[in-house]
Amino acid sequence: MDDALTSQWDELAVRSGAPPFLRPGWVRAWMSAFEPRQLLHALTVHRDGELAALLPVVRNGRSLRSPTNAETPVMGPVSVDVDAARSLIGPHVEQLGLRVRFAPGGGAVDHVHDAARTHGLRVSVDPLRRSPWTAVRGNREDFEKSTLTASRRRDLRRNERRLSAMGSLQLTTHDGSHDVEKLLQRGLELEAAGWKGEEGTAVLSRPAAAAFYRAVAAWAASEGILRLYFLRLDGEPIAFSLNLEQGRTSYGLKTAYAPAHKAFGPGVLLLHRLIGEGFARPGIDVLEHLGEDDPFKQEFSTGVREQFSVHVFPRGVRGVLQQHAVHGRRALENEVRRRTTPESRRALQRLMPFSRG
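In this text the structure is predicted, and so the values were computed from the model without any measurement. (Residues numbered from 1 in each chain as written. Predicted model: local features only at pLDDT ≥ 70, side-chain atom pairs only at ≥ 80, totals over all residues. Heavy atoms only, no water.)

1. A closer look at the overall build of the chain
Thought 1: Counting its secondary structure elements, the chain contains 14 helices and 12 strands.
Thought 2: In terms of overall dimensions, the chain is globule-like: its C-alpha atoms have a radius of gyration of 21 Å, near the 21 Å expected for 357 residues.
Thought 3: Taken over the C-alpha atoms alone, the chain extends approximately 70 × 50 × 40 Å along its principal axes.
Thought 4: Counting contacts in the chain only where the partners sit at least 6 residues apart, residues at least 24 apart contribute 73% of the total.
Thought 5: Carbon and sulfur atoms make up 51% of the accessible area of the chain, which totals about 17000 Å².
Thought 6: Placing the 50 positive and 41 negative side-chain charges of the chain at their respective mean positions leaves the two points 6 Å apart. (Helix = DSSP H or I, 4+ residues; strand = E, 2+ residues; numbered from the N terminus. Rg over C-alpha atoms; globule rule 2.2 N^0.38 Å. Contact = heavy atoms within 4.5 Å. Areas by Shrake-Rupley, 256 points an atom, 1.4 Å probe, with all protein chains shown as cover. Lys, Arg positive; Asp, Glu negative; His and termini not counted. Charge placed at Lys NZ, Arg CZ, Asp CG, Glu CD.)

This is the structure we're talking about:
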């Protein structure tokens, strides 16, 4: 993919209001960290010489797939309108098929599905996860009374008081203009000090993931959309959140807290403070919590967004066989999940990861 197309892609993504994960800076960081030997390709649609739609893809032999993994919050096309997005399903997809993981519910999924059906192609759409979000418009007190339980509000006040009695409790924000590598490293060290570090799933436990987040942070800082939040006790970080802020939305990528202060719920206190800051800032309307719908996220959320795996099968017998194979694999994975505990599944995934698409 040449620099001219990359520039047009980024301009289209920003102009169309796409989230930062659909911009080339994010995708290139992902490719460099997780698929360094692969080439990044793109399905494109042009109108009157101008880029109208683009979907980044990786080609593996005789198939196309999205550049995604568990670190991807969402993936899909950027486009000027619905017709342009649907036009991405053309001869290449008919011949090779297409698999997009973490496609957002609604628009992107519907456009790909409808266009593929129009071309007479088989399509499989499977749910992957539900990511909570919180609207931070209006009155904060009304939000807390309508969303948070009375017991949760009491816990938040009590833990704030207990920590404040131990020292100065402060939320600090950093935009990456200074010491971005040092600050990110400190935040990731908090994550590695907890249960993720013990299980080997922390970012710093995985060299490719660490390289990815460092590259993303550097790119986001250069674009002015990076925010590193720390909840500090007497200057020492006890909770951390890595966010990207774009288009009146704050996207929470990674959170962590100091295990030594676990009893005070520092991660939840940080989230509560970020929500409060969102209500106080006219430039932010939504906090996207991303990832899975963990219980603590659900408590603070005002809605969820669904992501799907969309598999468009190539035309002909090969497509029919692929569809049967995908359905068989999905049935096996569902049965394994039904018969095992979350802890057992995490242990198994470290040895032989499930395909979530």
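2. Digging into the packing of helix α6 (residues 140–147) against helix α11 (residues 266–280)
Thought 1: Where α6 contacts α11, the two axes come as close as 10 Å, and the packing angle between them is 140°. Between α6 and α11, the interaxial angle falls into the category oblique. Mapping the contact onto sequence places R140, F143 and E144 in α6 and H272, I275, G276 and F279 in α11.
Thought 2: Here the residues of the contact of α6 with α11 sort into 3 nonpolar, 2 polar and 2 charged. (Axes fitted to C-alpha atoms, helices over the stretch in contact; angles between N-to-C directions. Parallel < 35°, antiparallel > 145°, perpendicular 65-115°, else oblique. Nonpolar A, V, L, I, M, F, W, Y, C, P; charged D, E, K, R; others polar.)

3. Some words on the pattern of salt bridges
Thought 1: Under the criterion given, the structure shown has 25 salt bridges.
Thought 2: Linking E71 and K254 is a salt bridge whose minimum nitrogen-to-oxygen distance equals 3.8 Å. Taken together, the residues E71 in the loop between β3 (63–65) and β4 (78–79) and K254 in strand β10 (residues 249–257) connect sequence positions 183 residues apart. Like K254, E71 is buried.
Thought 3: When the shortest N-O distance is used, the salt bridge between R140 and E144 registers 3.3 Å. Pair noted here: R140 and E144 are both in helix α6, with a separation of 4 residues, about one helical turn.
Thought 4: Through salt bridges with shared partners, a single network forms among E71, E191, K196, R206 and K254. (Salt bridge = Lys/Arg side-chain N within 4 Å of Asp/Glu carboxyl O. Buried < 20%, exposed > 50% of the residue type's maximum accessible area, 1.4 Å probe, protein only.)

4. A look at the side chain of N243
Thought 1: Locating N243 in the fold gives a position in strand β9 (residues 236–246).
Thought 2: Setting aside anything within four residues of it in sequence, one finds N243 in contact with I225, L226, R227, Y229, S250, Y251, G252 and L253.

5. A look at helix α1 (residues 3–15)
Thought 1: The first and last C-alpha atoms of α1 sit 18 Å apart over 13 residues, in line with the 18 Å expected at 1.5 Å per residue.
Thought 2: Taken as a whole, α1 has its buried residues at L5, T6, W9, D10, L12 and A13. Looking straight down α1, one finds its buried side chains confined to an arc of 165°; they lie on one side. Away from its buried face by more than 90 degrees, α1 exposes D3 and R15.
Thought 3: As for α1, its buried residues are in contact with α2 (24–34), β1 (40–47), β2 (50–60) and β4.
Thought 4: The N-terminus of α1 is capped by D2, whose side-chain oxygen sits 3.3 Å from the backbone nitrogen of A4.
Thought 5: A positive backbone phi angle near 75° is found at G17, which sits one or two residues after α1. (Expected span 1.5 Å × (residues − 1). Arc of directions from axis to C-beta. Polar contact = N/O pair within 3.5 Å; in protein donor to acceptor, adjacent residues only side chain to side chain.)

6. Topic: α11
Thought 1: Taking 1.5 Å of rise per residue, 15 residues should cover 21 Å, and α11 covers 21 Å from first to last C-alpha, within 8% of that figure.
Thought 2: When you tally the buried positions in α11, you get 11 out of 15 residues, the bulk of the element.
Thought 3: Within α11, the full set of buried residues consists of P266, V268, L269, L270, L271, H272, L274, I275, G276, G278 and F279.

Honestly, it's all geometry; don't read function into it.
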